[in-house]
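Analysis of the macromolecular model
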Amino acid sequence: MTQHFLPTHGGFRKLFSYQKAEIIYDATIYFTKRFFQRGDRTIDQMVQAARSGKQNIAEASLASATSKETEIKLTNVARASQVELLIDYQDFLRIRNLSEWPQSHPFTKRLQELHRQPDPTYETYRRGVEHADPCVSANVIIGLIRVTCYLLQRQIQHLEKDFLHNGGIKERMTRARLSVRKTP
């Protein structure tokens, strides 16, 4: 009887954090083309932060089979990239004397409803992201980033608990090897 010690891995497209990060990436591409002048270095920085957030979630998921440490580190890098992007959007608003929506804002409440929809896509948020008012567009994306950061923080906490309970690859390999030795 063969013992398997590699856990299932790579299902990143099903992760809510990845789904939201992909929407943020697409929204950032749209936003920077629409509201920044061509050649502005901020465009590249924002797009790269959005891309890094998305790509590191995928890479972490794929690395999870052989390294919980790498999975945790890459998930945290994804979160850090999202925070970097959040600050860029907040800077955009601040520099233009535009306001970030408070929790009590009616559009924030509508955004919270959208966040609860199953299988979100760019289409779910298109009206807000592609709004003619840059304040609305930026705030919708900020809302997406905040939710994604929350999801990534929860993911990191779950990964920590999973590691403490199940160990890493070396411990799983040892348990599998000992199990095979006990089998007649």
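Computed from a predicted model, the values in this text were never measured in an experiment. (Residues numbered from 1 in each chain as written. Predicted model: local features only at pLDDT ≥ 70, side-chain atom pairs only at ≥ 80, totals over all residues. Heavy atoms only, no water.)

**Notes on the layout of surface pockets**
Operational definition: Residues are called lining when one of their atoms sits within 4 Å of a cavity or pocket point, these points coming from a 1 Å grid over the protein atoms alone, where a cavity is a set in which a 1.4 Å probe fits but cannot get out and a pocket is an open set with protein on both sides within 12 Å along at least five of seven lines. Grid points are joined across faces, edges and corners, and a volume is the space filled by probe spheres set on the points. Put simply, DSSP H or I for four residues or longer makes a helix, DSSP E for two residues or longer makes a strand, and each gets a number counted from the N terminus. Each residue is assigned to one class: nonpolar for Ala, Val, Leu, Ile, Met, Phe, Trp, Tyr, Cys and Pro, charged for Asp, Glu, Lys and Arg, and polar for all the others, Gly among them.
If you add up the space inside the second largest pocket, you get close to 290 Å³. Lining of the second largest pocket is provided by Trp101, Phe107, Arg110, Leu111, Leu114, Thr124, Tyr125, Arg127, Gly128, His131, Val136 and Val140. Elements represented by at least two residues in the lining of the second largest pocket include exactly α4 (106–115), α5 (122–129) and α6 (134–166). Of the residues assigned to the lining of the second largest pocket, the class counts are 7 nonpolar, 3 polar and 2 charged.

**A closer look at the nonpolar core**
The criterion, for reference: For this analysis, a nonpolar core means a set of buried residues of the types Ala, Val, Leu, Ile, Met, Phe, Trp, Tyr and Cys, connected via side-chain atoms within 4.5 Å. A 1.4 Å probe rolled over the protein chains alone gives each residue an accessible area, and that area as a share of the maximum for its type sets the label: buried under 20%, exposed over 50%, partly exposed in between. The contact criterion used is simple: two residues touch if any of their non-hydrogen atoms lie within 4.5 Å.
Counting 31 residues, the largest nonpolar core has Phe31, Leu85, Tyr89, Tyr125, Val140 and Ile145 as its most contacted members. When residues of this core are assigned to their parent elements, the largest contribution, 9 residues, is made by α6. Contacts of Phe31, omitting those with residues within four sequence positions, involve Phe36, Tyr89, Phe92, Pro134, Ser137, Ala138 and Ile141. Formed by 7 residues, the second largest nonpolar core is a distinct cluster that contains Tyr18, Ala21, Ile57 and Ala58.

**Thoughts on the pattern of salt bridges**
The cut-off we apply is this: One speaks of a salt bridge when a side-chain nitrogen belonging to Lys or Arg is within 4 Å of a carboxyl oxygen belonging to Asp or Glu.
Within this structure, the stated rule accounts for 8 salt bridges. Here Lys68 makes a salt bridge to Glu71, at a shortest N to O gap of 3.0 Å. Taken together, the positions of Lys68 and Glu71, both in helix α3 (residues 68–95) and 3 residues apart, correspond to about one turn of that helix. Each of the two residues, Lys68 as well as Glu71, counts as buried. Across the pair Arg126 and Glu123 runs a salt bridge whose closest N-O atoms are separated by 2.5 Å. Within this pair, Arg126 and its partner Glu123 are both found in helix α5, separated by 3 residues, close to a single helical turn. Classification of Arg126 as partly exposed rests on a relative accessible area of 31%. Taken together, the shared-partner salt bridges connect Glu123, Arg126 and Glu130 into one network.

**Observations concerning the packing of aromatic side chains**
What counts here: Between rings of Phe, Tyr and Trp, where Trp is taken as its six-membered ring, a pair exists when centres lie within 6.5 Å; planes separated by under 30 degrees are stacked, by over 60 edge-to-face, and by other angles tilted. By definition here, charges over rings are those cases where NZ of Lys or CZ of Arg is within 6 Å of the ring centre and within 35 degrees of the ring normal.
Evaluation of the coordinates by the stated rule reveals 8 aromatic pairs. Aromatic pair Phe12 and Tyr18: ring centres 4.9 Å apart, planes at 70°, arrangement edge-to-face. Residue Phe12 is classed as buried on the basis of its relative accessible area of 13%. Taking 4.9 Å as the distance between ring centres and 75° as the angle between the ring planes, the aromatic pair formed by Phe31 and Phe92 counts as edge-to-face. Highlighted residues: Phe31 in helix α1 (residues 16–35) and Phe92 in helix α3, separated in sequence by 61 residues. Phe31 gets classed as buried once you look at its relative accessible area, which sits at 0%. These aromatic residues form a ring-pair network of at least three members: Phe31, Phe35, Phe36, Tyr89 and Phe92. Lys54 extends its terminal NZ or CZ atom over the ring of Tyr25, reaching a point 5.3 Å from the ring centre. Just above the ring of Phe36 sits the side chain of Arg96; from NZ or CZ to the centre is 5.7 Å.

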